[in-house]
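# Geometric and topological summary
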Amino acid sequence: MKAPSKRQLFWLKTLLFGIALIPLGRLVWLGVHDDLTANPVEFVERSTGTWALVMLMVTLSLTPIRLLTGSVWQIQLRRMTGLFMFFYACLHLTTYVWLDHWFDWMAISKDIVKHPYVLVGFSAFALAVPLAVTSNTYMIRKLRENWKKLHNLVYLVAIFGVLHFLWLVKKDLREPMVYALVLAVLLGVRLYYRYKNKLAKARTAKFTPPVPQ
Amino acid sequence: MLIGKKPDIFPSEITSREVFDNRREFIKAAGFGLIASAASVAGLLPLDARAAVQRQQKINGIVKTPYGAGEKLTDYEDVTTYNNFYEFGTSKSDPASESRFFKPSPWTVSIEGEVKKPKRIAIEDIFKLAPLEERIYRMRCVEAWSMVIPWVGLPLAQLIKWAEPTGNAKYVEFISAADPQTMPGVRVPVLDWPYVEGLRMDEAMHPLTIMAVGLYGEVLPNQNGAPMRLVVPWKYGFKGAKSIVKIRFTEKMPQTAWMKAGPSEYGFYANVNPTVDHPRWTQASERRIGGGLFSPRIKTQMFNGYADQVGQLYTGMDLRKNY
């Protein structure tokens, strides 16, 4: 893939921004037309949660694209897709705390402690907060090496996020399994290349001619 | 002289009219299903089932009852577009859209097991078995949402009396239709088809328990369990087996579809109980359908508010164990 020019990248980002807002626009449109199904709270909760997961999968696919194709420029889109994941996760949590439980903190804390799917969902969100906070250029510079270490948390966020969906579903696991499968592939590609690189390194080490004594 | 010319087509090769029509309908149904599921998987198109709501044939001579006086009824549109009926798909909007090729008539129900004599009864005759009554009941789903539905039906006790069970009958098992041609959800092994539910004999004979054949004064729509379904208002909604084809009286407790699917999550009794949580979510409160985006949850009542009438059925039982 040929890297886009700076100008092209700007337009690409603008386009992506618009596309990422469509799910929210759709909810607003349906809400205005009283068309959020018989159970609107559940619908909004499901929809915002789904799109947070989708944005997360998109974010996690940019590195495998680099590994598989060698193309690098798409990494520049990662901050935006990652922040959109956080944006929809915020809407998801807000819907849960406000529309679903009306700030009934007792009920919410019980729900988190007693029900594993809520606990992993809540954990995924909590772990995503520091990632969102440190996503700006200033923090990237400030944290240097540690930034990368910190942002490895995204893998945990993804695993918890998928578990959250998987454990919530009553019986038909087909939809959450799609996310589990996509995540497995995205992580699998990373692990494969990591293993390959290690192997290559070990090999070059072996074949290094001995240093004359 | 007749010289027999070899026919082009053997009679045995001719597709009968019935099979031909069935095939066309099946292809049509499959096509619709494919388009609908593609759209819903894409998640982009709201399956606007509510816009397509069709009213059903009126039932005459319904006897009014005082049940549910003062309750605000859930809109017909919501009652008929937000359904759990996995035989037509696992999404709430599936039953309304996927049940259009289902044929609730002609329909016969077979009575088997611990009865004097196994027999069959046509749905028309069930309509005439006893005066049909309107019963306005709260319906609490195990997923923590609820509705108020004006059912039309007859006490199950009337049907049981007609069935003449023997003294060995301790339980009643209800078996639903499972036709993969007209019920696309059955082609997917989400549950162990056919759907099976069951009641203890005293629960089945309880005056609150009804066989519903209609709602809102009209014949049951397909997505709500046409032509006949069970309604047990103090139990979670999944106990209400839909589109029943077989009623079997047994001595042993039946294994229900949900017990087989998740024995730690769904028990035989499934009484509405705010103090016993589903292992994965709370049962202390519920969302009443129809309130809109900004209506808070309401508290769930013991036995869904029917404790005075049914509490004595369970005296001495540990409801934590017998969930």
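What counts and what doesn't
- Residues take numbers from 1 onward in each chain, read along the sequence in its written order.
- As they are written, the chains are lettered A onward and the ligands numbered 1 onward, keeping that order.
- Only residues with pLDDT of at least 70 get local features here, since the model is predicted, and only at 80 or more are side-chain atom pairs given and counted; chain-wide, interface and lining totals rely on the full set of residues.
- Each side-chain value is derived from all of the structure's non-hydrogen atoms; neither hydrogens nor water enter the calculation.
- Strands here are runs of E lasting at least two residues and helices are runs of H or I lasting at least four, both read from the DSSP assignment and numbered beginning at the N terminus.
- Under the scheme applied here, a residue whose accessible area is under 20% of the maximum for its type counts as buried, over 50% as exposed, and between as partly exposed, the area being computed with a 1.4 Å probe on protein chains only.
- Residues count as neighbours in contact if any of their non-hydrogen atoms are within 4.5 Å of one another.
- Areas reported as accessible are Shrake-Rupley estimates using a 1.4 Å probe. Residue values count occlusion only from the protein chains shown.
- Here the rule is simple: two strands pair whenever DSSP picks up at least two bridges between them.
- What pLDDT expresses is the predictor's confidence in each residue, scored from 0 to 100.
- Orientation is described by axes fitted as lines to C-alpha atoms, over the contacting stretch for helices, and by angles from 0 to 180 degrees between their N-to-C directions.
- With the far helix as reference, a near helix turned anticlockwise by less than a right angle produces a left-handed crossing, and one turned clockwise produces a right-handed crossing.
- Each residue receives one of three labels: charged for Asp, Glu, Lys and Arg, nonpolar for Ala, Val, Leu, Ile, Met, Phe, Trp, Tyr, Cys and Pro, and polar for the others, Gly being one of them.
- Two aromatic rings, drawn from Phe, Tyr or Trp (for Trp, its six-membered ring), form a pair once their centres lie within 6.5 Å of each other, and the interplanar angle then sorts them: stacked below 30 degrees, edge-to-face above 60, tilted otherwise.
- Joining two parts hides part of their accessible area as seen by a 1.4 Å probe, and the buried area is that hidden amount summed over both.
- When a carboxyl oxygen of Asp or Glu is within 4 Å of a side-chain nitrogen of Lys or Arg, the pair counts as a salt bridge.
- Pairing of N or O atoms within 3.5 Å defines a polar contact, subject to two protein rules: one partner must be a possible hydrogen donor and the other a possible acceptor, and residues neighboring in sequence count only if both atoms are side-chain atoms.
- A helix is expected to reach a length of 1.5 Å times the quantity of its residues less one.
- By construction, the arc corresponds to the directions joining the helix axis to the C-beta atoms.

When you go through chain A residue by residue, the secondary structure sums to 9 helices and 0 strands. Ordered by position from the N terminus, the helices and strands of chain A form the series α-α-α-α-α-α-α-α-α. Taking all 213 residues of chain A together, the buried fraction comes to 39%. Excluding contacts between residues fewer than 6 apart, the proportion of contacts in chain A whose partners are at least 24 apart in sequence is 66%. Total accessible area computed for chain A in this model is approximately 13,100 Å², and 70% of it derives from carbon and sulfur atoms.

Here we come to the pairing of strand 7 (residues 210–215) of chain B. Residue and element names in this part refer to chain B. By the criterion of burial, strand 7 is predominantly enclosed, with 6 of the 6 residues buried. Of the pairings in the sheet, the one linking strand 4 (residues 145–155) to strand 7 comprises 5 bridges and is antiparallel in character. The partner of Val152 across the bridge, within strand 7, is Gly214. Two strands pair when backbone bridges link them, and strand 7 and strand 9 (residues 229–231) are joined in this way by 3 bridges, in the antiparallel orientation. Looking at strand 9, one finds that Ala212 is bridged to Arg229. Relative to strand 8 (residues 218–219), strand 7 runs antiparallel, the two being bridged by 2 bridges. The residue bridging Gly214 from the neighbouring strand is Val219, located in strand 8. Counted along the chain from strand 7 to the antiparallel partner strand 8, the turn is 2 residues long, and its residue Tyr216 has a positive phi close to 55 degrees.

Turning to unusual backbone geometry, a few remarks are in order. Of the consecutive residues B:Ser105 and B:Pro106, the connecting peptide bond is found in the cis state with omega at 0 degrees. Position of B:Pro106 relative to the elements: it lies in the loop between helix 3 (94–98) and strand 1 (108–113). Here the residue pair B:Trp193 and B:Pro194 is connected by a cis peptide bond, since its omega of -5 degrees sits within 30 degrees of zero. Structurally, B:Pro194 can be placed in the loop between strand 5 (171–176) and strand 6 (196–200). A positive phi angle, near 55 degrees, is found at A:Phe103, a position not held by glycine. Mapped onto the elements of the fold, A:Phe103 is located in the loop between helix 3 (78–100) and helix 4 (105–114).

The pLDDT averaged across chain B works out to 89; a share of 84% of its residues lies at or above 70. Every residue in residues 41–47 of chain B scores below 50 in pLDDT, and together they form 10 contacts with partners more than four places removed in sequence or on other chains.

Another point: the sheet that holds strand 2 (residues 119–122) of chain B. All names here are of chain B. Here we have 5 strands laid out as an open sheet, ordered 2-1-10-5-6, and mixed in their pairing. Only two strands of the sheet have a single neighbouring strand rather than two, namely strand 2 and strand 6. Going across the sheet, the axis of each strand differs from the next one's by a mean of 20 degrees, ignoring polarity. The pairing of strand 1 with strand 2 spans 4 bridges and is classified as antiparallel. Paired with Ile111 across the strands is Lys119, a residue of strand 2. Each of strand 1, strand 2, strand 5, strand 6 and strand 10 (244–250) is contacted by helix 5 (residues 156–163), which is oriented at about 135 degrees to strand 2, the strand it contacts most.

What follows is about the packing of helix 2 (residues 40–69) of chain A against helix 8 (residues 153–168) of chain A. All names here are of chain A. One way to put it is that helix 2 packs onto helix 8 with a least axis distance of 11 Å and a crossing angle of 145 degrees. Our pair here, helix 2 against helix 8, has a crossing hand that is left-handed. Across the interface between the two elements, Arg46, Leu53, Leu56, Met57 and Leu60 of helix 2 pack against Val154, Tyr155, Val157, Ala158, Gly161, Val162, Phe165 and Leu168 of helix 8. Grouping the constituent residues of the contact of helix 2 with helix 8 by class yields 11 nonpolar, 1 polar and 1 charged.

Residues and elements named next belong to chain A. The final tally for this structure, using the stated rule, is 26 aromatic pairs over all chains. Centre to centre, the rings of Phe17 and Phe84 are 5.2 Å apart; their planes meet at 65 degrees, and the pair counts as edge-to-face. With Phe17 in helix 1 (residues 6–32) and Phe84 in helix 3, the pair connects residues that are 67 residues apart, well separated along the chain. Since its relative accessible area comes to 44%, Phe17 is described here as partly exposed.

Contacts between the two partners involve 34 residues from chain B, matched on the other side by 29 residues from chain A. Of the roughly 2,700 Å² buried where chain B meets chain A, counting both sides, 55% is carbon and sulfur surface. On the surface where chain B and chain A come into contact, there are 4 salt bridges. A salt bridge links B:Arg287 to A:Asp100; its shortest N-O distance comes to 2.9 Å. Where chain B packs against chain A, one counts 12 residue pairs in polar contact (both at pLDDT 80 or more). Grouping the amino acids of the side of chain B that touches chain A by side-chain chemistry returns 18 nonpolar, 8 polar and 8 charged.

This paragraph deals with helix 5 (residues 116–133) of chain A. Residue and element names in this part refer to chain A. For helix 5, which comprises 18 residues, the first-to-last C-alpha distance of 26 Å matches the rise-based estimate of 26 Å (1.5 Å per residue) to within 8%. Considered for burial, the residues of helix 5 that qualify are Tyr117, Val118, Val120, Gly121, Ala124, Phe125, Ala128, Leu131 and Ala132. One side of helix 5 holds all its buried residues, which, seen down the axis, span an arc of 165 degrees. Each element contacted by the buried residues of helix 5 is listed here: helix 3, helix 4, helix 7 (145–151) and helix 8.

Residue and element names in this part refer to chain A. Mapped onto the elements, Ile159 comes out in helix 8. Through-space distance from the C-alpha of Ile159 to that of Ala184 is 9.4 Å; in sequence the pair is 25 residues apart. With residues near it in sequence (within four places) discarded, Ile159 still touches Leu183 and Leu187.

Attention shifts here to the side chain of B:Thr74. Residues and elements named next belong to chain B. With respect to the element layout, Thr74 can be found in the loop between helix 1 (17–42) and helix 2 (76–81). With relative accessibility at 3%, the residue Thr74 sits in the buried group. Discounting chain neighbours no more than four positions away, the residues touching Thr74 are Val79, Met147, Val148, Tyr216 and Ile289.

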